[in-house]
Amino acid sequence: MFPLDRGATGRCLADLTERLAGRGWRVSVVADGVGGEEEARRSGVALWRTGRTIPAGDRPDARGYLDSLIRLAWRALRLPRHDVVVTMTDPPLLGLVGPLLAARHGAAAIHWSQDVFPALLPALGVRLPPPLLHAVERSMARALGRHDAVLAIGRCMVRRLVQAGVPESRVILCPNWPDPGIHPIPHAANGWRAEQGLEGRFVVAYSGTLGLAHPMDGVLDAAARLQASDPTILFLVIGEGRGRGAVAEAIQRRGLTNVRLAPWQPADRLAESLSAADLHLTVMTNAALGLMVPSKLTGALAAARPTLFLGPEDSEAAQHIREWGCGATLDPLDGAGLAALIRRYAADPTRCARDGAAALRSVAGWSADDAATRIDAVARGLVARRSFANGARTRRPTLASIGRSLRRRVVSDA
C-alpha cells in the first residue's frame, strides 16, 4: 500500500514523489486501497485512494487489471487540475488512458514504464487470445506515442519501446535505483545472518519476487549438483510471489537440504538480509528481454555483493554486470554452469571481495536524488513549453502520479 509497497514500483514512487515535493512540486498520487494519507502528507504528497482493496492472496488476472484501471482513471479524472500527469505500469494498461487524463487536465503526459505491457502479460501468466493481444499492443504503441515523454528503466527497454513505434526523441532513460536504506553490513556485525544460523556457510541468495517471469529451475538444478559435493554452500531464497509454492514443492520433491526458503523482509531489515549473502542471484526469463528490468539487482549491488544474472545476454542487467565486472551472466536454465560458477566464487574470497567492491561502485553514481533531478528537469521542461505556448503565468507546478500500489499485488519486482 503506497507509500509502503513491497515491490519496486511502490518504493520508487514513494522515493520520487517525496523528492519532487521537496523541489517545489505539489504532488498528488492516485492509488488503489484505503488509508495511508497521513503518512503521505508527511512527505508532502496528497494521496487520493479509490477505496478498493484487493485481498492479499488474490492473483492478478485480466479482469482484475481492467477493474483497477477503470477505478484509477475515474478517480484521476475528478482530481483538481494538474500540470503533469504521470501514468505507471501497475495496472498494466494504464498508459492507454494517459493521453485522455492529460487532456482532461490540460497537462503534459509522462508514462513511467516499469514494465512493457501488454507484451509482458504472457510471461506473467495472463493469457489473452493472440488477436486481442496484438490489437492491444497496437493500441498501446499509439497511446505511448501520444505521450510527451516515456521514461524507460533500461537500455534494452528503450530499444523495445522504439521498436514498438514510440518516437525515439520522447523515450528517456531513467533507471531505477537501490533502496536508499541498503548498505553493506559485514557478516560479523550482521544480526539477521546470526538469527538465521548462517555462520560457516557460503550463502547464495535470491531475494525478491518469485514470479512466472523468474524461472528457478536452473537454480534448483545447481543446488542439486552442489548438495553432496559442497556441503558448506547454502541457497537462501527470500521472497514471495506466484512461484513460491512451486519452488517449495520442488525443494521437497528433490530432497534439497541445501535450499532454504525465507519470507519477504521488511524495509528496515533489507540491508541485513541482503548483506547476509556472499553471492546473489538475479533471474529473468529470456522472453522478458526489453520488457522488464530486475530491480532486485540494484539492491544486491548496493549491499556490495557480486551477482550472477541468469537471463538474456542483451538485457540491461547483463550489460551492467559485464561493464562493471561485478559478477557474471549465464542462461537461466544452465544449472551445470551455475553450479560451476558458484563453486569458483566459494573457493575464492578475494574474487568475492573484488567483485563486491565493483558492485558497490556500480550503483554509487545513481540514486533517488539523481532520478528526481532527471524527472524534475523533464517535467519542468514540458510545463515550460506548454506555458509558453499558452501564455500562462508562472505558478507552482503540480504533478499527478497515477498507478495502483497494492501490498502483495505488484506485477513484478522488476
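So, how was this worked out
Residues numbered from 1 in each chain as written. Predicted model: local features only at pLDDT ≥ 70, side-chain atom pairs only at ≥ 80, totals over all residues. Heavy atoms only, no water. Pairing = 2+ DSSP bridges. Helix = DSSP H or I, 4+ residues; strand = E, 2+ residues; numbered from the N terminus. Axes fitted to C-alpha atoms, helices over the stretch in contact; angles between N-to-C directions. Contact = heavy atoms within 4.5 Å. Expected span 1.5 Å × (residues − 1). Buried < 20%, exposed > 50% of the residue type's maximum accessible area, 1.4 Å probe, protein only. Core = buried A, V, L, I, M, F, W, Y, C linked by side-chain atoms within 4.5 Å. Phe/Tyr/Trp six-rings, centres within 6.5 Å; stacked < 30°, edge-to-face > 60°. Lys NZ or Arg CZ within 6 Å of the ring centre and 35° of its normal. Salt bridge = Lys/Arg side-chain N within 4 Å of Asp/Glu carboxyl O. pLDDT = per-residue confidence, 0-100. Polar contact = N/O pair within 3.5 Å; in protein donor to acceptor, adjacent residues only side chain to side chain.

Caption draft 1: Examining the sheet that holds strand β3 (residues 84-87) more closely. Ordered by their spatial adjacency, seven strands build an open sheet running β2-β1-β13-β3-β4-β5-β6, and the pairing between neighbours is parallel. If you trace the sheet from one side to the other, it starts and ends with β2 (45-49) and β6 (171-173), each paired once. Strand-to-strand twist of the sheet, defined as the mean angle between neighbouring strand axes without regard to direction, takes the value 20 degrees. Relative to strand β13 (residues 398-402), strand β1 (residues 26-31) runs parallel, the two being bridged by five bridges. Pairing of Arg 26 across the sheet is with Thr 398, part of β13. On the sheet, helix α4 (residues 98-105) packs against β3, β4 (108-113) and β13 and is oriented at approximately 160 degrees with respect to β3. Sitting on the sheet, helix α6 (residues 155-163) touches β4, β5 (149-152) and β6, and the angle it makes with β6 is about 175 degrees.

Caption draft 2: Main features of helix α5 (residues 130-145). A rise of 1.5 Å per residue sets the reference length of α5, with its 16 residues, at 22 Å; its end C-alpha atoms lie 23 Å apart and thus fit the reference within 8%. By the burial criterion, the buried members of α5 are Leu 133, Val 136, Met 140, Ala 141, Ala 143, Leu 144 and Gly 145. At its buried positions, α5 is contacted by α4, β4, β5 and α6.

Caption draft 3: Spotlight on the nonpolar core. Ranked by internal contacts, the top residues of the largest apolar core, which has 72 residues, are Ile 110, Trp 112 and Leu 161. Take this core: its biggest share by element is eight residues, from helix α15 (residues 368-390). Setting aside anything within four residues of it in sequence, one finds Ile 110 in contact with Val 84, Val 85, Val 86, Thr 87, His 147, Ala 149, Leu 151, Val 378, Ala 379 and Leu 382. Membership of the second largest hydrophobic core comes to 31 residues, among which are Leu 210, Val 247, Leu 281 and Leu 308.

Caption draft 4: A look at the packing of aromatic side chains. All chains considered together, the criterion is met by one aromatic pair. For Arg 351, the ring lying beneath its charged end belongs to Tyr 345, and the centroid distance is 4.1 Å.

Caption draft 5: Focus on the pattern of salt bridges. Summed over all chains, the structure comprises 18 salt bridges. The salt bridge involving Asp 355 is made with Arg 351; its shortest N-O contact spans 3.7 Å. In this pair, Asp 355 and Arg 351 both sit in helix α14 (residues 349-364), four residues apart, roughly one turn of the helix. For Asp 355, a relative accessible area of 3% translates into the label buried. Classification of Arg 351 as buried rests on a relative accessible area of 19%. A salt bridge links Arg 354 to Asp 355; the nearest nitrogen and oxygen atoms lie 3.4 Å apart. One network of salt bridges, in which partners are shared, links Arg 155, Glu 316 and Glu 323.

Caption draft 6: Representation of the environment of Val 27 within the structure. Within the secondary structure layout, Val 27 lies in strand β1. The class for Val 27 is buried, based on a relative accessible area of 3%. Linking Val 27 and Phe 202, residues 175 residues apart in sequence, is a C-alpha distance of 45 Å. Aside from chain neighbours lying at most four places away, what touches Val 27 is Thr 17, Leu 20, Ala 21, Gly 44, Val 45, Ala 46 and Leu 399.

Caption draft 7: Highlighting the confidence of the model for the chain. Scored by pLDDT, the chain comes out at a mean of 90, with 91% of its residues at no less than 70. Counting contacts from residues 405-414, a segment whose pLDDT is below 50, to residues more than four positions away or on other chains yields 52 contacts.

Caption draft 8: Local environment of α6. Listed as buried for α6 are Cys 156, Met 157, Val 158 and Leu 161. Looking at the buried positions of α6, the neighbouring elements they touch are β4, α5, β5, β6 and α12 (316-324). Two residues or fewer past α6, Gly 165 is found with a positive phi of approximately 115 degrees.

Caption draft 9: Summary view of the side chain of Asp 230. Tracing the chain through its elements places Asp 230 in the loop between α8 (217-226) and β8 (233-238). Among the polar contacts listed, one links the side chain of Asp 230 to the side chain of Arg 343, at a separation of 3.1 Å.

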